[in-house]
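Descriptive analysis of the structure
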Amino acid sequence: MQIFDRAEILSRIAAQVADRKAILAAASSCGLVAKCAALGGADMLVVYSTGLSRLMGLPTSRIGDSNARTLELAAEIRNVVSSVPVIGGVEAWDPLRLDLNALLDKFSAAGFSGVINYPTISTMGEKWRDRRGRVGLGFERELELIATARKKNIFSLAYVASPEDAKLMASRGADCIVPHVGATRGGLVGHEDGQPIQEAIRSINEINAAAKAVRSDIILLCHGGAIAEPQDTYEVYWSTDCVGFVGASSIERIPIERAVKTAAEEFKAVPLPQQTDVHRK
């Protein structure tokens, strides 16, 4: 079982950026998606328990025991992909797993080469965040997760939805900051409200500036909202310091919806001969 250490992942990212190639972290919640994403050139695969809801035809949703489901997915993904790092989404505020050091050991043992704080409280609004924080299961746990990963020399990405969260994550040692600008739009169950892409770019620039004020070496990616199609990332790359994209619905939901619908339509459109005898052998 090949595990990519933090130095190797960072070296791979640096080589791609030096070659003027954007980084792609592709969400993959089943073996087929993982295999195809890797064949398509993804630099890393990201496994979220919420991806299961997308594959069930539902809006992106947290279902059941998030950490347990993500850990279970590792074997299926790694069974068919060994050429790129696989990153696991960790729910840091899971009350059943208060020992984050032990939790990270489980993710490493399952075959994950890195982690990302997802599901994340950063995107959930102040009311929910305050409620969780009061019982010690708030955003501080996500900060502790990233700090612990850094101490263990595990590669990490950090979703953030505000400049302040970006500063905190950068100070804890996150390798990549990923401005999260909302649920992805488009497709059959996408969110159609939210920021226009120019407003999303402004938010990304504010978040990026906050992170870089703490650490100039931090890697900046982007995710969500109006950034749903390849042409959207082009606009972001030219207007921000982001060097890549973390795609979830954009990789494992919207393309599948289109491909299967189109295939079904094309098969259904093939006519039978005019004089068809259904009993003909």
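First, a word on what this report is: a plain description of the structure on this page. All values derive from a computational prediction rather than experimental measurement.

**Structural notes on the overall build of the protein chain**
- If you tally the helices and strands in the protein chain, you get twelve helices and eight strands.
- Here the C-alpha atoms of the protein chain give a radius of gyration of 20 Å, agreeing with the 19 Å that 2.2 N^0.38 yields for 281 residues.
- At a minimum sequence separation of 6, the contacts of the protein chain that also span at least 24 residues come to 68%.
- Accessible surface computed for the protein chain: about 13,700 Å², of which carbon and sulfur atoms make up 55%.
- Averaging the locations of the 32 positively and 33 negatively charged side chains of the protein chain gives two centres separated by 3 Å.

**What about helix 9 (residues 197-214)?**
- Taking 1.5 Å as the rise per residue, helix 9 with 18 residues should run 26 Å; its terminal C-alpha atoms sit 26 Å apart, in good agreement.
- Restricting attention to buried positions, one finds in helix 9 the residues Ile-197, Ala-200, Ile-201, Ser-203, Ile-204, Ile-207, Asn-208, Ala-210 and Ala-211.
- Taken together, the buried residues of helix 9 touch strand 5 (155-160), helix 8 (163-171), strand 6 (176-179), strand 7 (219-220) and helix 10 (230-239).

**Concerning unusual backbone geometry**
- Pro-119 follows Tyr-118 through a cis peptide bond whose omega is 5°.
- Turning to its location among the elements, Pro-119 is positioned in the loop between strand 4 (114-117) and helix 6 (126-134).
- With a phi angle near 60°, Asn-153 is a residue other than glycine that sits in the positive phi range.
- Judged by relative accessible area, which is 44%, Asn-153 ranks as partly exposed.

**A word on the nonpolar core**
- Leu-45 and Phe-112 are the most contacted members of the largest nonpolar core, which totals 29 residues.
- Taken together, the elements giving at least two residues each to this core come down to helix 2 (31-39), strand 2 (44-47), helix 4 (66-80), strand 3 (86-90), helix 5 (100-110) and helix 7 (139-151).
- Once residues lying within four places of it in the same chain are set aside, the contact partners of Phe-112 are Ile-3, Val-47, Thr-70, Leu-71, Ala-74, Val-86, Ile-87, Gly-88 and Phe-107.

**Structural notes on the side chain of Ser-49**
- Secondary-structure assignment places Ser-49 in the loop between strand 2 and helix 3 (51-55).
- With near-sequence residues (within four places) excluded, Ser-49 lies in contact with Ser-66, Arg-69 and Thr-70.

**Let's talk about the sheet that holds strand 4**
- As summarised here, the arrangement of the eight strands in space is 7-6-5-4-3-2-1-8, forming an open sheet in which the pairing is parallel. Among the strands making up the open sheet, the edge pair consists of strand 7 and strand 8 (244-247).

**Thoughts on the pattern of salt bridges**
- Applying the stated criterion across every chain, the model contains 16 salt bridges.
- One salt bridge in this structure joins Glu-144 and Arg-141, with 3.8 Å as the shortest N-O distance. In this pair, Glu-144 and Arg-141 are both assigned in helix 7, three residues apart and thus about one turn of the helix distant.
- With a relative accessible area of 8%, Arg-141 lands in the buried category.
- What emerges from the salt-bridge pattern is a single network uniting Asp-65, Asp-94 and Arg-97.

**What about the state of the cysteines?**
- Throughout the structure, instances matching the rule amount to zero disulfides.
- The structure places no disulfide on Cys-30, whose sulfur is separated from the nearest cysteine sulfur, that of Cys-36, by 8.5 Å.
- The exposure class assigned to Cys-30 is buried, which follows from its relative accessible area of 17%.

**Thoughts on the environment of Asp-65**
- By the secondary structure assignment, Asp-65 is in the loop between helix 3 and helix 4.
- The class for Asp-65 is partly exposed, based on a relative accessible area of 28%.
- Sequence separation between Asp-65 and Asp-241 is 176 residues, and the spatial gap between their C-alpha atoms is 35 Å.
- Apart from residues lying up to four places away in sequence, Asp-65 is in contact with Asp-94 and Arg-97.
- Within the structure, the side chain of Asp-65 is placed 3.1 Å from the backbone nitrogen of Ala-68, a separation counted as a polar contact.

Thresholds applied
- Residues numbered from 1 in each chain as written.
- Predicted model: local features only at pLDDT ≥ 70, side-chain atom pairs only at ≥ 80, totals over all residues.
- Heavy atoms only, no water.
- Helix = DSSP H or I, 4+ residues; strand = E, 2+ residues; numbered from the N terminus.
- Rg over C-alpha atoms; globule rule 2.2 N^0.38 Å.
- Contact = heavy atoms within 4.5 Å.
- Areas by Shrake-Rupley, 256 points an atom, 1.4 Å probe, with all protein chains shown as cover.
- Lys, Arg positive; Asp, Glu negative; His and termini not counted.
- Charge placed at Lys NZ, Arg CZ, Asp CG, Glu CD.
- Expected span 1.5 Å × (residues − 1).
- Buried < 20%, exposed > 50% of the residue type's maximum accessible area, 1.4 Å probe, protein only.
- Core = buried A, V, L, I, M, F, W, Y, C linked by side-chain atoms within 4.5 Å.
- Pairing = 2+ DSSP bridges.
- Salt bridge = Lys/Arg side-chain N within 4 Å of Asp/Glu carboxyl O.
- Disulfide = S-S within 2.5 Å.
- Polar contact = N/O pair within 3.5 Å; in protein donor to acceptor, adjacent residues only side chain to side chain.

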